[in-house]
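# Structural overview for review
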Amino acid sequence: MAAYTGTGDADTTGEEPDGAPIRVPDGGARRDEAVRAAVEQGLVGPATPIIGLLDITGIRASAAALRAAFDTVVAPGTPVLHAFAVKATPLVPVLRLLHREGIGAEVASPGELALARAAGVPPARTVLDSPAKTPAELREALALGIAVNADNPQELDRIDGLVRSASTRSPLGIRVNPQVGGGSISALSTATATSKFGVALRDEGAREWVVRAYLDRPWLTRLHAHSGSQGMPLELMARGVAETYGIAEEINERAGRRQIDTLDIGGGLPVNFGSDTETPTHAEYARLLAATVPGLFDGRYGLVTEFGRSLLAKHGVVLARVEYAKSAGGRAIAVTHAGVQVAARTVYAPVSWPLRVAAYDTKGRPKTGPDVVQDVAGPACFAGDLLAEGRSMPLLEQGDYAAALDTGAYYFAHHYTYNSLARPGIYGFGPDGAGGVRFAVVRTPQTLDEIVAESGGAHAGALTDTF
Ligand SMILES: *Cc1c(COP(=O)(O)O)cnc(C)c1O
């Protein structure tokens, strides 16, 4: 892939003069301007007490930095496909934006594939990876020419049948689990001994089964592993990639040809939820991979990556109005409109998923003043619905705004239907060309009619009339 030559933010292209890789500029100042503008323009307010915001400048910068990171380490001419993991931010306009920035799509369900297609991501830039693909999904993917990674022997049997009955352009591979161990969040760790994903390479006989599977099927040309996740040390991720590379080398040697021509190294780069700084960067990971697995980038293998959280997390904000400020047992409590419906992971697993919360005043200006220990509560009717518990920050008062930061991936686009709380509207923001901020609708807020319809409204009498 050619070096990135976009004309965008100079901060994010190529390298700094001293050869240091580019960092994505912190989004804090842009966020403050956007919050102020959202309040001034009435996007959020008493009648619309919660919205999601996406920083278009930041998303573009991250996409460019990802491309530059790998362009710097791969041999010239190496085919590289960065496929955004759609599950991280399943929003069609986001997928279209990323596509325009040279990023494809990794999909793991019929819904995600439909979103990628609606965004205009072509099959050749799409990868299908789910662990539970039905025969119909596999048939569709092969008919479209989408890359598919088989998760297990039974799935490979199904693909065998499809390949026998019709020709396909789909690049096909097998997903392996290098079993290098998990990170600090067990529910997210994909490379433990008993992870549900892929063929567990260290299990008895598994490695030989994988090698034979390739030798018996000349059309298997890819190998896939996704062993990273939030809470996973980079060194362990790199070791997972090294194991995957090792088995590809073994297969190609035994095949006596370069049968595996592309390695899909997955995503899973952790995100720093503690500050506006992007760390680790894609460039740091790419350099670590180049040092750990030099053969991976020497031009013999095409490369697919599947980053999700690391591309989008830092570019999203949930902005919610403080409806009431109260106190209980000496604890200040801000009752806001952002809780479990937009931050399910944080509310149910606060230790693993702490979020920064920024305080803005009634006009959308950053709040100052002494730190006060307080709870930032959501609107749902259970006691644990807290965005932050016992947090020291400027006191939130009625009519202020609480902003949950770093929520661009796996948060407000992952609505949780508790208390029939409506999905908030989502808006992208960027410069308006005149020193201000312009917004674009990414997703309209869910209406009450839609809530009723999606909750069986058309079947109101189903249980009383039928029985
Ligand atoms: C979830 C997932 C990703 C993306 O993971 P992030 O942690 O968001 O980067 C990539 N590939 C596969 C197969 C996944 O399941």
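Since we're looking at a predicted model, the values are computed, not measured.

Reading the values: the criteria
- Residues numbered from 1 in each chain as written.
- Predicted model: local features only at pLDDT ≥ 70, side-chain atom pairs only at ≥ 80, totals over all residues.
- Heavy atoms only, no water.
- pLDDT = per-residue confidence, 0-100.
- Contact = heavy atoms within 4.5 Å.
- Salt bridge = Lys/Arg side-chain N within 4 Å of Asp/Glu carboxyl O.
- Helix = DSSP H or I, 4+ residues; strand = E, 2+ residues; numbered from the N terminus.
- Buried < 20%, exposed > 50% of the residue type's maximum accessible area, 1.4 Å probe, protein only.
- Polar contact = N/O pair within 3.5 Å; in protein donor to acceptor, adjacent residues only side chain to side chain.
- 1 Å grid on protein atoms, 1.4 Å probe; cavity = no way out; pocket = protein on both sides within 12 Å on 5 of 7 lines; lining within 4 Å.
- Points joined across faces, edges and corners; volume = space filled by probe spheres on them.
- Nonpolar A, V, L, I, M, F, W, Y, C, P; charged D, E, K, R; others polar.
- Core = buried A, V, L, I, M, F, W, Y, C linked by side-chain atoms within 4.5 Å.
- Pairing = 2+ DSSP bridges.

## Quick notes on the confidence of the model for the chain
- Summarising the model, the chain shows a mean pLDDT of 93, and 95% of its residues fall at 70 or more.
- Within the model, pLDDT remains below 50 along residues 1-19, and this stretch shows 32 contacts once partners closer than five positions in the same chain are excluded.

## Notes on the pattern of salt bridges
- Within the structure shown, the criterion is met by 23 salt bridges.
- The partner of E40 in a salt bridge is R36, and the shortest N-O contact between them spans 3.3 Å. In this pair, E40 and R36 are both assigned in helix α1 (residues 28-40), four residues apart and thus about one turn of the helix distant.
- Between R258 and E249 there is a salt bridge; the shortest N-O distance is 3.8 Å.
- A relative accessible area of 39% places R258 in the partly exposed class.
- Looking at E249, the relative accessible area reads 24%, which means it is partly exposed.
- A cluster of three or more residues bridged by salt bridges with shared partners is formed by R31, D276, K314, R356 and D406.

## Structural notes on the side chain of N177
- Within the fold, N177 resides in strand β6 (residues 172-177).
- Looking at N177, its side chain comes within polar contact range of the main-chain nitrogen of Q179, at 2.8 Å.

## Details of the layout of surface pockets
- Roughly 550 Å³ of internal volume is contained in the largest pocket.
- Along the wall of the largest pocket there are 30 residues; nearest its centre are K87, T190, F197, H226 and Y410.
- When grouped by side-chain class, the residues that make up the lining of the largest pocket number eight nonpolar, 13 polar and nine charged.
- The computed volume of the second largest pocket comes to approximately 240 Å³.
- In the lining of the second largest pocket, the residues fall into 10 nonpolar, seven polar and one charged.

## Comments concerning the nonpolar core
- Of all hydrophobic cores here, the largest spans 107 residues; its most connected members are L54, F70, L296 and L312.
- By residue number, the principal contributor to this core is helix α8 (residues 234-255), which donates nine residues.
- Those residues within four positions of L296 in sequence are excluded, and the remaining contacts are V241, Y245, L263, I265, Y301 and L303.
- Counting residues in each nonpolar core, the second largest holds 20 residues, with A37, L43, L405 and V437 among its members.

## Digging into the pairing of strand β16 (residues 401-404)
- Neither face of β16 is open: one carries Y401 and A403, the other A402 and A404, and all of them are buried.
- Pairing geometry for strand β11 (residues 316-328) and β16, over four bridges, is antiparallel. Across the sheet, V318 pairs through a bridge with A404, a residue of β16.

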